[in-house]
Amino acid sequence: QLQACGGGLVQTGGSLRLSCVASGSIFSISIMGWYRQAPGKQRGLVALSTSGGSTNYADSVKGRFTISRDHAKSTVYLQMNSLKPEDTGVYYCNAAGVRSIDRYLGDYWGQGTQVTVSS
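Just so we're clear, the structure is a prediction, and the values are computed from it rather than from any experiment.

This part takes up the sheet that holds strand S8 (residues 75-80). For sheets, the rule is that strands pair by backbone hydrogen bonds, running either parallel or antiparallel. Read from one edge of the open sheet, 4 strands run S1-S3-S8-S7, paired in antiparallel fashion. Sheet topology places strand S1 (2-5) and strand S7 (65-70) at the edges, where each strand pairs with a single neighbour. Averaged over all pairs of adjacent strands, the angle between their axes in this sheet comes to 15 degrees, without regard to strand direction.

Pairing between strand S4 (residues 28-37) and strand S5 (residues 44-50): 6 bridges, direction antiparallel. The residue bridging Arg 36 from the neighbouring strand is Gly 44, located in S5. From the end of S4 to the start of S5, which pair antiparallel, there are 6 residues, and Gly 40 there has a positive phi angle of about 75 degrees. Judged from the 3 bridges that link them, S5 and strand S6 (residues 55-57) form a sheet pairing that is antiparallel. If you follow Ala 47 over to S6, its bridge partner there is Tyr 57. Taking the residues that link successive antiparallel strands as the turn, the S5-S6 hairpin has 4 residues, and the phi of Gly 53 there is positive, at about 100 degrees.

The next thing to look at is unusual backbone geometry. For Ser 74, which is not a glycine, the phi torsion comes out positive at approximately 50 degrees. Topologically, Ser 74 is positioned in the loop between S7 and S8. Given a relative accessible area of 13%, Ser 74 falls into the buried group. Of note in the backbone geometry, Ser 82 takes a positive phi value of approximately 50 degrees without being a glycine. Taking relative accessible area as the criterion, Ser 82 reaches 40% and is therefore assigned partly exposed.

What counts as what
- Here the residue numbering is sequential within each chain, running from 1 through the sequence in written order.
- In keeping with the predicted nature of the model, local features appear solely for residues at pLDDT of at least 70, side-chain atom pairs appear and are counted solely at 80 or more, and the whole-chain, interface and lining totals rest on all residues.
- Side-chain metrics in this entry use all non-hydrogen atoms of the structure; hydrogen atoms and water are not considered.
- For two strands to be treated as a pair, DSSP must find at least two bridges joining them.
- Helical segments are the DSSP runs of H or I of at least four residues, strand segments are the runs of E of at least two, and each set is numbered from the N terminus.
- Axes here refer to lines fitted to C-alpha atoms; in helices the fit is confined to the stretch in contact. Angles between the N-to-C directions go from 0 to 180 degrees.
- Between buried and exposed lies partly exposed: a residue is buried under 20% and exposed over 50% of the maximum accessible area for its type, with that area taken using a 1.4 Å probe on protein chains only.

Note that all results are geometric; they support no functional claim without further evidence.
Shown next as structure tokens:
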């Protein structure tokens, strides 16, 4: 399962750091990422990180957010700087291509953590 934390209320221009830990009999995770769902909108990609070290960001967060992974701890982080009111939403972590030592486990979603940026 995935456990996310680090959300909260912050003023415009502030920073937050989200963390998401995958637990269980995990041998590897192909992709870990963060998605955001704003009120009344669909869930969309914020950032992702592959096991090979590649990253991808939504255009709206490039230059402000940084995704990183600790592969040994099956953890993904999202450092969010220069936050804007439009960054407000529920942030979900995702682990795709999860494998145990002997089988493919699939994809998982965390429970979501609320980020609110006040103007």
